[in-house]
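So you can see what is in the structure, the chains are spelled out below.
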Amino acid sequence: MPTKARRLPSWLAGTLVLLGAVLLAACSTTTTTTSGASGTGTVTPQQQKVLDDGFAGVFQQPPTSGPAAVRGKTVWFISCGENFEACHTMSASFTEAAQKLGWNVQVVDTKYSAASANTAIGQAIAARADGIVTAAFDCPQIKSGLMAAKAANVPVVNYAALDCDDPSFGGGEKLFAATLNTMGSTNTGDYYAARGKYNADFLAATLAQRGVENPKVLVVKNVDQVIHATGWEAFATEMAVACPKCQLVDVVWNITGFPNPAGQIFKTALTANPDAAAVAYDSDSFMSGAFASAVRQSGRTDMVVCCGDGQLSGSQLIRDGVVTATSLIPYEYDVWATADTLNRIFAGADQPNQGGGFVYVDKEHGLPAEGQPITTPVDFKRLREQVWTGGAS
């Protein structure tokens, strides 16, 4: 899905300048010899820094002050689909955060149907909900519901999607009451662009570490949602610089065709490209749901498979030897931040940068115990509860 160019926010522009310096340094003659899983390669100091910083976490802190919990509210959470691991993590995390805020929560499973999401918004309005949170539905998909909520003065907070004023939709009126401010930007596409760019640098450094020459990379992507298309566009642009000898092979599928024919599309691509050195993907829900079995059936244990979104299934696939590394999108952190965003609307408070970021793990770096989530570099639940109970400064 093509996206129009947008003006970069200052935080992302700074990130791109830093990564540009990273790539210039990568061209220096100073290298480090390392032993990778499939051979011995060399990485530049800056490639090593990309790996080290990724494992440490590219992360910003949450606000340490704000309004106390506005208790007694009824809030509806419109889930993107409880059959998807990431969407279930979002709804479960929001329910936990809402309990701390003293709210009553109604979770609606839309099974990633925009029509169902619009219906749910209407039901929430009819039920006199005080607020609504939607997860992963772009404004044009649920425009009728958002317009009805706005007319009824019911605030709708957006997580992991774009508002109607985004240039990708030709520009228009903002209909969400607020969008989560992640790493200093309320445009969710900026986060996915930064993450896609870092995924490219991380994958390129990992391939160099393993000594893989002229690698072919299967880019397994769905672009149903604009933010995912934005992330993959940033990934491809950066790979052209970070790994100029890499050959990218797009393997495109549609979320409405998951697990099939999406699984078969990926399996066919693996068969047609026996020389593929890597698989790039961006969601563990999809890898565990269909794609992992294709990797196992291929017998290819030497491929670099990266970078997912850091779910429990992704960690297990690392243990199983199917996935090389996964990059946490901190849904728990983000959804607690989304709850705080709605609480600030209830309190009539300003909306600050809610922090956040991403963290990489592999077998040797940060892999949690079985059944445990990947940890973020900040104890966000404790900090949020301090604010909500009035104990923060």
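Residues numbered from 1 in each chain as written. Predicted model: local features only at pLDDT ≥ 70, side-chain atom pairs only at ≥ 80, totals over all residues. Heavy atoms only, no water.

Draft legend 1. Examining the sheet that holds strand E12 (residues 304-307) more closely. If you trace the four strands from one edge of the open sheet to the other, you get E10-E9-E11-E12, paired in parallel fashion. In this open sheet, the two strands that pair with only one neighbour each are strand E10 (247-252) and E12. Strand-to-strand twist across the sheet, computed as the mean angle between neighbouring axes with direction ignored, equals 20 degrees. Where strand E11 (residues 276-281) meets E12, four bridges bridge the pair, whose relative direction is parallel. Along E12, the bridge assignment pairs Ala-280 with Cys-306. Across the sheet, helix H7 (residues 226-242) is in contact with strand E9 (216-221), E10 and E11; its angle to E9 comes to roughly 170 degrees. (Pairing = 2+ DSSP bridges. Helix = DSSP H or I, 4+ residues; strand = E, 2+ residues; numbered from the N terminus. Axes fitted to C-alpha atoms, helices over the stretch in contact; angles between N-to-C directions. Contact = heavy atoms within 4.5 Å.)

Draft legend 2. Looking closely at the nonpolar core. If you look at the biggest cluster of nonpolar residues, it comprises 120 residues, and the most contacted ones within it are Met-90, Phe-94, Trp-103, Phe-202, Leu-203, Val-217 and Phe-291. Among the elements that line this core, the one with the most residues is helix H6 (residues 188-209), at nine residues. Setting aside its immediate chain neighbours within four residues, Leu-203 contacts Val-217, Phe-235, Met-239, Ala-278, Ala-280, Val-304 and Cys-306. (Core = buried A, V, L, I, M, F, W, Y, C linked by side-chain atoms within 4.5 Å. Buried < 20%, exposed > 50% of the residue type's maximum accessible area, 1.4 Å probe, protein only.)

Draft legend 3. Layout of the environment of Val-226. Tracing the sequence through the fold places Val-226 in helix H7. By relative accessible area, which is 2% here, Val-226 ends up buried. Between the alpha carbons of Val-226 and Asp-138 there is a distance of 8.0 Å; along the sequence they are 88 residues apart.

Draft legend 4. Layout of the pattern of salt bridges. Summed over all chains, the structure comprises 15 salt bridges. One salt bridge connects Lys-221 with Asp-250, and the closest N-O pair in it is separated by 3.4 Å. One end of the pair, Lys-221, is in strand E9; the other, Asp-250, is in strand E10, with 29 residues separating them in the sequence. For Asp-250, a relative accessible area of 48% translates into the label partly exposed. Close ionic contact of Glu-332 with Lys-381 constitutes a salt bridge, the shortest N to O distance being 3.2 Å. In this pair, Glu-332 sits in helix H11 (residues 331-347) while Lys-381 sits in helix H12 (residues 380-388), placing the two residues 49 residues apart along the sequence. Take Glu-332: its relative accessible area is 24%, and that puts it in the partly exposed class. Salt bridges sharing common partners tie together Glu-96, Glu-332 and Lys-381. (Salt bridge = Lys/Arg side-chain N within 4 Å of Asp/Glu carboxyl O.)

Draft legend 5. Representation of unusual backbone geometry within the structure. Residue Pro-261 follows Asn-260 across a cis peptide bond; omega there is 15 degrees. Structurally, Pro-261 can be placed in the loop between E10 and helix H8 (262-272). A cis geometry characterises the amide bond from Cys-306 onward to Cys-307, with omega recorded as 25 degrees. Summarising the element assignment, Cys-307 is placed in strand E12. Although it is not a glycine, Ala-160 sits at a positive phi angle of roughly 60 degrees. With respect to the helices and strands, the residue Ala-160 is situated in the loop between strand E7 (156-159) and strand E8 (178-179).

Draft legend 6. Spotlight on H7. Look at H7: 24 Å from first C-alpha to last across 17 residues, which is about the 24 Å you get at 1.5 Å a residue. The buried count for H7 comes to twelve of 17 residues, which makes it a mostly enclosed element. (Expected span 1.5 Å × (residues − 1).)

Draft legend 7. Region of interest: the packing of aromatic side chains. Within the structure shown, the criterion is met by 24 aromatic pairs. Judged by centre distance (4.2 Å) and plane angle (15 degrees), the rings of Phe-202 and Tyr-360 are stacked. Taken together, the residues span a long stretch of sequence, with Phe-202 in helix H6 and Tyr-360 in strand E14 (residues 356-361) at a distance of 158 residues. Tyr-360 carries the same exposure label as Phe-202, and that label is buried. Taking 6.2 Å as the distance between ring centres and 90 degrees as the angle between the ring planes, the aromatic pair formed by Phe-358 and Tyr-360 counts as edge-to-face. Counting every residue linked through ring pairs, the aromatic cluster contains Phe-55, Tyr-191, Tyr-192, Tyr-198, Phe-202, Phe-358 and Tyr-360. Directly above the aromatic system of Phe-346 lies the positively charged group of Lys-73, at a separation of 5.1 Å from the ring centroid. Here the guanidinium or amino end of Arg-384 rests over the ring plane of Tyr-333, the centre of that ring lying 5.7 Å away. (Phe/Tyr/Trp six-rings, centres within 6.5 Å; stacked < 30°, edge-to-face > 60°. Lys NZ or Arg CZ within 6 Å of the ring centre and 35° of its normal.)

Limitation: the analysis is restricted to geometry and does not speak to function.
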